[in-house]
Amino acid sequence: MSDAITSPRIVVCGRIPAPAIDTLHTAGEVWAWDRDEVIPTDVRDWELATTDAAVTLLTDRVDAAFLDAAPRLRIVANVAVGYNNIDVAACRERGVVVTNTPGVLTDATADLAMALILMTTRRLGEGERLIRSGSAWQWGMFMMLGTGVQQRRLGIVGMGGIGTALARRARAFGMTIAYHNRSPISAEVAGELDAERLDLDELLATSDIVSLNCPYSEATHHLIDGRALRMMRDDAVLINTARGPVVDEAALVNALREGFIGGAGLDVYENEPEVHPGLLTLDNVVLLPHLGSATVETRTAMAQLAAHNVVEVLAGRAPISAV
Ligand code: GLV
């Protein structure tokens, strides 16, 4: 059979919601890895050899070896807004389109960042651990007192869609907003949020809570290092729902131990899924297993957006959300 009459082949490298698989079936023949663990390289490469499109998760590394195994590849559709797992330059060199899933996970991730702010400032992780420990307890006037967020300054590093959505939530909780971003946000949104744009050092030095909402790249690797942590107030809290390596995790453990900052709420880790053992011993830290976009609705929408990108590219049309 010639290529011209063979329907395109699509490889899905990890488990994704069923509606997205249905969408992919409209574009070609679908092969999907159906387990939660990362697809073994030999299985992946065997399937990639004859594939026109690959749907990937953030745990899949799309590098030269991946691309070498996939000579017919036309699109990598990543089911994530972050695409630091993909060598975009190598894809571009080979004419492979890369897409991500912006927008559809904005609310879920902003919700989770807000939840981490409340969990850390109100000591909710500690409270939960106390009950589960079975230890005796009783309501007490001075028991586990946290701090309110009202009138506190939230400093947002990376004021894209998620940062802006977090700012709206924080405003509803009575917080004031500062942000650090390469370019200023629109005057309209800045006015709505009463948000002040600061350079990073000033934001770190003056914020009660610092939330990382920037993409991970060489430019943001260890953006929050020992020096940055020392600039923060000693009662300030660091929230990271972006990518682990934006923070130097060893320096963070040291800052928390030494009391350079007051606490941290983390959804992502430098060497995910490993978590620095020092973090596990600290009470003033809330640790979540990368749940930013983990709602049924959001994951379904993300997978559907990736699937629709595949449909468009295989039909010879422009992708919806190319990176
Ligand atoms: C999740 O971390 C994403 O980048 O979508």
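Because the structure is a prediction, the values reported are computed rather than measured. (Residues numbered from 1 in each chain as written. Predicted model: local features only at pLDDT ≥ 70, side-chain atom pairs only at ≥ 80, totals over all residues. Heavy atoms only, no water.)

1. Describing the pattern of salt bridges
Next up, step 1: In the structure shown here, the tally under the stated rule is 19 salt bridges.
Next up, step 2: Asp208 serves as the salt-bridge partner of Arg233, at 3.4 Å between the closest nitrogen and oxygen. Here Arg233 is found in the loop between helix H10 (226–231) and strand E10 (237–240), whereas its partner Asp208 is found in the loop between helix H9 (200–206) and strand E9 (209–212), with 25 residues between them in sequence.
Next up, step 3: By relative accessible area, which is 31% here, Arg233 ends up partly exposed.
Next up, step 4: Ionic contacts of the salt-bridge type, sharing partners, join the residues Arg152, Asp208, Arg233 and Asp235 into one network. (Salt bridge = Lys/Arg side-chain N within 4 Å of Asp/Glu carboxyl O. Helix = DSSP H or I, 4+ residues; strand = E, 2+ residues; numbered from the N terminus. Buried < 20%, exposed > 50% of the residue type's maximum accessible area, 1.4 Å probe, protein only.)

2. A few points about the side chain of Asp267
Next up, step 1: Note that Asp267 resides in the loop between strand E11 (263–266) and helix H12 (277–280).
Next up, step 2: Put simply, Asp267 is tucked away with no salt bridge, and the nearest opposite charge, on Arg299, sits 7.3 Å away.
Next up, step 3: Residues in contact with Asp267, not counting those within four places in the same chain, are Leu112, Leu116, Asn240, Thr241, Leu288, Pro289, His290, Leu291 and Gly292. (Lys, Arg positive; Asp, Glu negative; His and termini not counted. Contact = heavy atoms within 4.5 Å.)

3. Let's talk about the domain arrangement of the protein chain
When the parts of a complex come together, some accessible area is lost, and that lost area is often taken as the interface size.
Next up, step 1: Segmentation of the protein chain into domains returns domain 1 (9–104 + 296–314) and domain 2 (106–287).
Next up, step 2: Its C-alpha centre places domain 1 at a distance of 32 Å from the equivalent point of domain 2.
Next up, step 3: Each side of the interface is counted separately: domain 1 has 7 residues, and domain 2 has 4 residues.
Next up, step 4: Of the roughly 460 Å² buried at the junction of domain 1 and domain 2 (both faces included), carbon and sulfur atoms supply 46%.
Next up, step 5: Applying the counting rule to domain 1 against domain 2 returns 0 salt bridges.
Next up, step 6: Seen at the junction of domain 1 and domain 2, the total is 2 residue pairs in polar contact (both at pLDDT 80 or more).
Next up, step 7: Of the residues assigned to the side of domain 1 that touches domain 2, the class counts are 3 nonpolar, 4 polar and no charged. (Domains from an automatic or database assignment. Buried area = accessible area lost by both parts, 1.4 Å probe. Polar contact = N/O pair within 3.5 Å; in protein donor to acceptor, adjacent residues only side chain to side chain. Nonpolar A, V, L, I, M, F, W, Y, C, P; charged D, E, K, R; others polar.)

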